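One letter stands for each residue in the lines below.
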Amino acid sequence: MKAIGYREAGAIERGEALKDIELPRPVPMGRDILVEVEAISVNPVDTKVRKGVNPEAGQWKILGWDAVGKVVEAGADAKNFKIGDEVFYAGSLIRPGANSQFHLVDERIVGQKPKTLSNAEAAALPLTAITAWEMLFDRLDIGKPVPGAANAIVIIGGAGGVGSIAIQLARALTDLTVVATASRPETQEWVKALGAHHVIDHSKPIAAQVEALGIGAPAFVFSTTETHRHLKEIIDLIAPQGRFGLIDDPESLDVLGFKRKAVSIHWELMFTRSIFETADIAEQGKLLNEVSRLVDEGKIRTTVTETLSPINAANLKKAHAAIESGKTRGKVVLEGF
């Protein structure tokens, strides 16, 4: 089967950064299903792994943690899907990724593809939807009010892949006031179109802008990027006893400033359930089915902003470079081998 991989981690500009290769078609066992991949998307995790993680000597590292495709085979213990089902999922960080024609995935972390979306439109959603859902509802527990706080959430980096879906989920499923940050005219228009009640500029002091909205101190803050740069502002703006969540990877983070306000701090990694095969691993499949339902009911929409075709090393290099520029809106998708 066709696949795209690398044998040495490093910068995307290198000729060997990503290569078109041929690999054996995998065989599903246990609860795995084999999916014929029809569309993928690229996330920051792809670029981080490519830059810093080498495969075992002589092996290929296959990236890709967003996929849409059809079930073509199933392991003996798989029971959730039948051959021909159209599915979408994000996969597991500790298994080969979906940048290949055929891909093995544990059925428990797979959802039914939204019927109203094309393959490319659906491929934009799984990883970011899981991340946003788990942060909002499992980590920050936004359904539980913070006494005395404004029933509001500030989403830092609202125009990125995760921010773009977090805005929509908060609007569709809660009565929170959604404040999103974006620093350029095009990204500000993007987050407004996704449903943010207020848009502020994260290239300027955030706390004063939130205060100027007159809504009070927000109960929740969700930082998707550059947390170390915005930490002091977050400490200043969040309500006492508020809840703060982050998903990026600051080299260091001095959180002592949160103590005076008794703010709780929550990390989210959507791969945790699949890495550790947690007792609730099947929650990811369930939430993806809920996302699919919300899409088909017109309550949330895809966040794809660019589609490249076919799925090959040259186009993946373009997508990786775009992600690393830090200037993308929504998601970059690749379609068709």
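A. Region of interest: the overall build of the chain. For the chain, the helix and strand inventory stands at 10 helices and 16 strands. Against the globule reference of 20 Å for 337 residues, the chain gives a C-alpha radius of gyration of 20 Å, in line with a compact fold. Judged by the C-alpha coordinates and their principal axes, the chain covers about 60 × 40 × 35 Å. When the 337 residues of the chain are sorted by exposure, 55% land in the buried category. Sequence separation of at least 24 residues holds for 71% of the intrachain contacts in the chain that already meet a minimum separation of 6. Accessible area of the chain: about 14400 Å², with a carbon and sulfur share of 50%. Averaging the locations of the 39 positively and 43 negatively charged side chains of the chain gives two centres separated by 2 Å.

B. Layout of the pattern of salt bridges. Considering all chains together, one arrives at 24 salt bridges under this definition. One salt bridge in this structure joins Arg108 and Glu277, with 3.1 Å as the shortest N-O distance. Separated by 169 residues along the polypeptide, Arg108 in the loop between β7 (102-106) and β8 (110-112) and Glu277 in the loop between α8 (272-276) and α9 (283-296) bring together distant segments of the chain. Where Arg229 meets Glu226, a salt bridge forms, and the shortest distance between an N and an O atom there is 3.8 Å. A residue is classified by how much of its surface remains accessible, and Arg229, at 49% relative accessible area, is partly exposed. It is possible to trace a salt-bridge network through shared partners that takes in Glu134, Asp138, Arg139, Glu268, Arg273 and Asp280.

C. Summary view of the packing of helix α1 (residues 44-52) against helix α10 (residues 313-325). Running from amino to carboxyl end, α1 crosses α10 at an angle of 100°, the nearest separation of the two axes being 9 Å. Between α1 and α10, the interaxial angle falls into the category roughly perpendicular. Counted together, Pro44, Asp46, Thr47, Arg50 and Lys51 of α1 and His320, Ile323 and Glu324 of α10 form the full contact between these two elements. Here the residues of the contact of α1 with α10 sort into 2 nonpolar, 2 polar and 4 charged.

D. Broad picture of the side chain of Asp106. Assignment of secondary structure puts Asp106 in strand β7. Sequence-distant contacts of Asp106, defined by excluding residues within four places in its chain, comprise Arg31, Asp32, Arg95 and Ile281.

E. Expanded view of α1. Of the residues making up α1, those classed as buried are Val45, Asp46, Thr47, Val49 and Arg50. On its buried face, α1 sits against β1 (2-6), β3 (32-42), β4 (61-62), α3 (126-139) and α10.

F. Structural view of unusual backbone geometry. Residue Pro310 is bonded to the preceding Ser309 through a cis peptide linkage, with omega at 0°. Along the chain, Pro310 falls in the loop between β15 (304-308) and α10. At Glu226, a position not held by glycine, the phi torsion is positive, near 55°. Tracing the backbone shows Glu226 in the loop between β12 (218-223) and α7 (227-237). Phi at Gln241 takes a positive value of approximately 70°, unusual for a residue other than glycine. Checked against the element boundaries, Gln241 lands in the loop between α7 and β13 (243-246).

G. Looking closely at the sheet that holds β4. Strand order across the open sheet formed by 3 strands is β2-β1-β4, with antiparallel pairing between neighbours. Since the sheet does not close on itself, it has two edges, and those belong to β2 (19-22) and β4, each with one partner. The sheet contact formed by β1 and β4 spans 2 bridges and is antiparallel. Directly across from Tyr6, in β4, lies its bridge partner Lys61.

Reading the values: rules and limits
- Residues numbered from 1 in each chain as written.
- Predicted model: local features only at pLDDT ≥ 70, side-chain atom pairs only at ≥ 80, totals over all residues.
- Heavy atoms only, no water.
- Helix = DSSP H or I, 4+ residues; strand = E, 2+ residues; numbered from the N terminus.
- Rg over C-alpha atoms; globule rule 2.2 N^0.38 Å.
- Buried < 20%, exposed > 50% of the residue type's maximum accessible area, 1.4 Å probe, protein only.
- Contact = heavy atoms within 4.5 Å.
- Areas by Shrake-Rupley, 256 points an atom, 1.4 Å probe, with all protein chains shown as cover.
- Lys, Arg positive; Asp, Glu negative; His and termini not counted.
- Charge placed at Lys NZ, Arg CZ, Asp CG, Glu CD.
- Salt bridge = Lys/Arg side-chain N within 4 Å of Asp/Glu carboxyl O.
- Axes fitted to C-alpha atoms, helices over the stretch in contact; angles between N-to-C directions.
- Parallel < 35°, antiparallel > 145°, perpendicular 65-115°, else oblique.
- Nonpolar A, V, L, I, M, F, W, Y, C, P; charged D, E, K, R; others polar.
- Pairing = 2+ DSSP bridges.

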